[in-house]
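# What the coordinates show
If you want the building blocks of each chain, they are given just below.
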Amino acid sequence: MLEEVERWLTRRSWSAADRPLDRLTAARARDPHRSSVSVVLPALNEEATVGAIVAEIRRELMEKVRLVDELVVIDSGSTDDTAGEARRAGARVVHRDAILPRIPALPGKGEVLWRSLLVTSGEIVCFVDADLKDFSADFVSGIVGPLLTDPSVQFVKAMYDRPLGGTAGQGGRVTELVARPLLNLHWPRLAGFVQPLGGEYAVRRSLLEQLPFPVGYGVELGLLVDALHTVGLDALAQVDVGVRKHRHQDGQALGRMAAAIYRTAQLRLSRGPLVRPEITQFERGPGGFVPHTHAVDTEERPPMRDIAEYASHRAA
């Protein structure tokens, strides 16, 4: 590990307990506009978990204390009652296709995160996945904390244990097999991030609006790499929030995620012609193995500050 990264780990890695809620609310009170917080949950068929996450954030961070200003669930086309559960729990629900209709929506998590900037107003934007179980408000307060108390911090990732099948530390298979090798080999200054692909992170809007967003699963790696190049390592940080429990994907879904993440990395490495943007996987059928070919996300959305509607929204 680079000496620079070793120093960074001692200076920019914290625990959620390092910043109690009273310290965070006091920091907000000193500058309420610059410390306004929007929490965004991208959701697709998450009726089993989204309501409990929304209720926890509302109760602990909007009613007991005033840490979060708005809580928005972006529904990217759920066929279950995700929107209803989120709304009943107290979130504002916006359908992905209702945001920026001039540009037809593409499928993918990154697309939803990019569009969320148009329907939120906080100067700090906190993203939280909607499939978390046993959710704690520390996931939000922990990663928002450094942004409220240290103006030099721009981007904060959550770090946590990810159990799999009852075994600690075995989750995050795409992280260990794809993302971590890529980062260590090509962006060694990011080698200190424990969960580089984690879906829980908080970022200053002023940084997010400068960054391109890969539309699919590559969004977390793309944002992290581009943030490093935009604001430097010392503006990035991570906070330990404990244990993350969520719905695990099957092996083939992980393969598609891995391909999208590799594509995102390859684009940033070369900014030249892409590798063939498809992945073929196999399933056993009655007559043997059957190939299924899937497109790998190749689209990216431009920095939001380049979108005319965003400038109008911010000026309003």
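Residues numbered from 1 in each chain as written. Predicted model: local features only at pLDDT ≥ 70, side-chain atom pairs only at ≥ 80, totals over all residues. Heavy atoms only, no water.

With that out of the way, let us pick up the environment of Phe-127. For Phe-127, the position within the fold is in strand E5 (residues 124-127). Along the sequence, Phe-127 and His-294 sit 167 residues apart, while their C-alpha atoms lie 27 Å from each other. Residues within four places of Phe-127 in sequence aside, it is in contact with Val-40, Leu-113, Ser-116, Gly-199, Glu-200, Tyr-201 and Leu-208. (Helix = DSSP H or I, 4+ residues; strand = E, 2+ residues; numbered from the N terminus. Contact = heavy atoms within 4.5 Å.)

With that settled, consider the packing of helix H3 (residues 50-63) against helix H4 (residues 82-89). Angle between the axes and distance between the axes are the two parameters that describe a pair of packed helices. With their axes 8 Å apart at the nearest point, H3 and H4 run at an angle of 20 degrees to one another. What the angle tells us is that H3 and H4 run roughly parallel. For the element pair H3 and H4, the recorded crossing hand is right-handed. Here Val-50, Gly-51, Val-54, Ala-55 and Arg-58 of H3 lie close against H4, whose contacting residues are Thr-82, Glu-85, Ala-86 and Ala-89. Grouping the amino acids of the contact of H3 with H4 by side-chain chemistry returns five nonpolar, two polar and two charged. (Axes fitted to C-alpha atoms, helices over the stretch in contact; angles between N-to-C directions. Parallel < 35°, antiparallel > 145°, perpendicular 65-115°, else oblique. Left-handed = near helix turned anticlockwise from the far one by under 90°. Nonpolar A, V, L, I, M, F, W, Y, C, P; charged D, E, K, R; others polar.)

With that settled, the discussion passes to unusual backbone geometry. Despite not being glycine, Asn-45 shows a phi value in the positive range, around 55 degrees. Within the secondary structure layout, Asn-45 lies in the loop between strand E2 (37-43) and H3. Judged by relative accessible area, Asn-45 falls into the partly exposed class, the value being 33%. Although it is not a glycine, Asp-134 sits at a positive phi angle of roughly 50 degrees. (Buried < 20%, exposed > 50% of the residue type's maximum accessible area, 1.4 Å probe, protein only.)

We now examine the environment of Thr-82. By the element assignment, Thr-82 lies in helix H4. Of the residues examined, Thr-82 reaches a relative accessible area of 0% and is grouped as buried. With 24 residues separating them in the primary sequence, Thr-82 and Leu-106 have C-alpha atoms 20 Å apart. Every residue in contact with Thr-82, bar those within four places of it in the chain, is listed here: Ala-43, Asn-45, Glu-46, Glu-47 and Val-50.

Volume-wise, the largest pocket comes out at about 1,000 Å³. Elements represented by at least two residues in the lining of the largest pocket include exactly E2, helix H5 (109-116), helix H7 (173-186), helix H10 (251-270) and strand E13 (288-295). The class makeup of the residues in the lining of the largest pocket is 18 nonpolar, 11 polar and 12 charged. Of the volumes computed, that of the second largest pocket is approximately 310 Å³. Lining the second largest pocket are 14 residues, and of these Asp-31, Arg-34, Leu-147, Pro-151 and Arg-204 sit closest to its centre. With three residues, the single largest contributor to the lining of the second largest pocket is helix H6 (residues 138-149). (1 Å grid on protein atoms, 1.4 Å probe; cavity = no way out; pocket = protein on both sides within 12 Å on 5 of 7 lines; lining within 4 Å. Points joined across faces, edges and corners; volume = space filled by probe spheres on them.)

Honestly, it's all geometry; don't read function into it.
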